[in-house]
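Architecture at a glance
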Amino acid sequence: MLQVWALEGIPEVSPGDDLVQMIGDAAARAEPLRDGDIVVVTSKIVSKAEGRIIRADDREDAITSQTVRVVASRTSPTGHVTRIVENPLGIVSAAAGVDASNTPDGTVLLLPEDPDASARRIAAGLRERVGVRIGVIVTDTLGRAWREGQTDHAIGAAGVHVFEDLRGQTDAEGRPLVVTQPCVADEIAAAADLVKGKAWRMPVAVARGRSDLVGDLDLPGARSIVRPAERDMFRQGADEAYADGLAAGRAARS
């Protein structure tokens, strides 16, 4: 049975803070971590601890700095431009993951530079502190293609199998499973968000009951979830398709 609960009492995080100590202390006050637990950490506190806060009077400039390519953009009736972009982590999302909520005026928060490495540091520290094998997932809130709303997804992972590969097995009727490969890291991230909430100031949760997913710290991280360009059937975004079509039309006229 899967159990998920949020850790209370984690204070406001500042650059240089020790997340291992903060999380370990909060867990000790609630329910000590056990072998096979998965600690789910909101990327916002990882970014704060790692000093990823930057001065940015204009959030749009910060988004531009974190943009590898623009996939699509749309201007609202009020003139606000929403950009769907690919960021340096390979993640396609709105605003490149740049966050202006719960930060001092005139600043924004960037995503961790290497969320998988961040997850490994936290996992290694907690394993050393409590003496049990735990996994860590670092999460961020993202939209999903062709669906309204947002859910939390795994953007960093350590000591966790991010996929549950069922290919080669059979279903209840005995039919072979050919492509079934649930992204369990994303599923756990979303489940953890149900208890962390968005405004409750509880940025860390613990998931218990899937010890089969916990393994060595050198397991592939969440970067392996990002689909490679060569397998992306929708690689060209709306803005890119428009620009290519316009260029082709102009070339044909000349």
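Our subject in this report is the structure included herewith. Note that the coordinates shown come from a computational prediction; the quantities given were computed from them, not determined experimentally.

This next bit is on the pattern of salt bridges. One pass over the full model with this rule turns up 13 salt bridges. Each member of the salt-bridge network shares a partner with another, and the members are Glu-31, Arg-34, Asp-37 and Arg-208.

Tracing the chain through its elements places Gln-21 in helix α1 (residues 19–30). Remark: the alpha-carbon pair of Gln-21 and Gly-125, spanning 104 residues in sequence, is separated by 8.5 Å.

For the rest of this paragraph, the subject is α1. Counted at 1.5 Å a residue, the expected span for α1 with its twelve residues is 16 Å, and the 17 Å between its end C-alpha atoms agrees. Listed as buried for α1 are Leu-19, Val-20, Met-22, Ile-23, Gly-24, Ala-26 and Ala-27. Residues of α1 that are buried in the fold lie against β2 (38–42), α2 (43–49), α4 (115–130) and β10 (204–208). For α1, the N-terminal capping position is held by Asp-18, with its side-chain oxygen 3.0 Å away from the main-chain nitrogen of Val-20.

This brings us to the layout of surface pockets. Here the second largest pocket defines a volume of roughly 190 Å³. If you trace the second largest pocket, you find it lined by Val-71, Ala-72, Ser-73, Arg-74, Thr-82, Ile-84, Gly-237 and Ala-238. Those elements giving two or more residues to the lining of the second largest pocket turn out to be β4 (69–75) and β5 (81–86). It is β4 that contributes the most residues to the lining of the second largest pocket, four residues altogether. A class-by-class count of the residues in the lining of the second largest pocket yields four nonpolar, three polar and one charged.

Structurally, Asp-193 can be placed in helix α5 (residues 184–196). Beyond its immediate stretch of four places on either side in the chain, Asp-193 contacts Asp-152 and Lys-198.

Across the sheet, five strands lie side by side as β1-β10-β2-β8-β9; this open sheet has mixed pairing. Lying at the two open borders of the sheet, with one neighbouring strand each, are β1 (3–6) and β9 (147–158). Neighbour to neighbour, the strand axes of the sheet diverge by 30 degrees on average, direction disregarded. Inspection of the sheet shows β2 paired to strand β8 (residues 135–144) by five bridges, in the parallel sense. What sits directly across from Val-39, in β8, is Val-136. Seen against the sheet, α5 touches β1, β2, β8, β9 and β10 and runs at an angle of roughly 110 degrees to β9.

Leu-7, Leu-19, Ile-23, Val-39 and Val-136 are the most contacted members of the largest nonpolar core, which has 32 residues in total. If you list the elements that add at least two residues to this core, you get α1, β2, α2, α4, β8, β9 and β10. Counting residues per element, this core draws most heavily on α1, which supplies six residues. The contacts of Val-39, once residues within four sequence positions are left out, are Ile-23, Leu-33, Leu-126, Ile-134, Gly-135, Val-136, Ile-137, Val-204 and Ala-205. Membership of the second largest hydrophobic core comes to 16 residues, among which are Ala-154, Ala-185, Leu-213 and Val-214.

With antiparallel pairing, three strands are arranged side by side in an open sheet as β4-β5-β6. Taken across any chain shown, the strands that pair with only one partner, and hence form the sheet edges, are β4 and β6 (92–94). Along the sheet, successive strands turn relative to each other by an average axial angle of 15 degrees, direction set aside. Note: β4 against β5, six bridges, orientation antiparallel.

Conventions used here
- Residues numbered from 1 in each chain as written.
- Predicted model: local features only at pLDDT ≥ 70, side-chain atom pairs only at ≥ 80, totals over all residues.
- Heavy atoms only, no water.
- Salt bridge = Lys/Arg side-chain N within 4 Å of Asp/Glu carboxyl O.
- Helix = DSSP H or I, 4+ residues; strand = E, 2+ residues; numbered from the N terminus.
- Expected span 1.5 Å × (residues − 1).
- Buried < 20%, exposed > 50% of the residue type's maximum accessible area, 1.4 Å probe, protein only.
- Contact = heavy atoms within 4.5 Å.
- Polar contact = N/O pair within 3.5 Å; in protein donor to acceptor, adjacent residues only side chain to side chain.
- 1 Å grid on protein atoms, 1.4 Å probe; cavity = no way out; pocket = protein on both sides within 12 Å on 5 of 7 lines; lining within 4 Å.
- Points joined across faces, edges and corners; volume = space filled by probe spheres on them.
- Nonpolar A, V, L, I, M, F, W, Y, C, P; charged D, E, K, R; others polar.
- Pairing = 2+ DSSP bridges.
- Axes fitted to C-alpha atoms, helices over the stretch in contact; angles between N-to-C directions.
- Core = buried A, V, L, I, M, F, W, Y, C linked by side-chain atoms within 4.5 Å.

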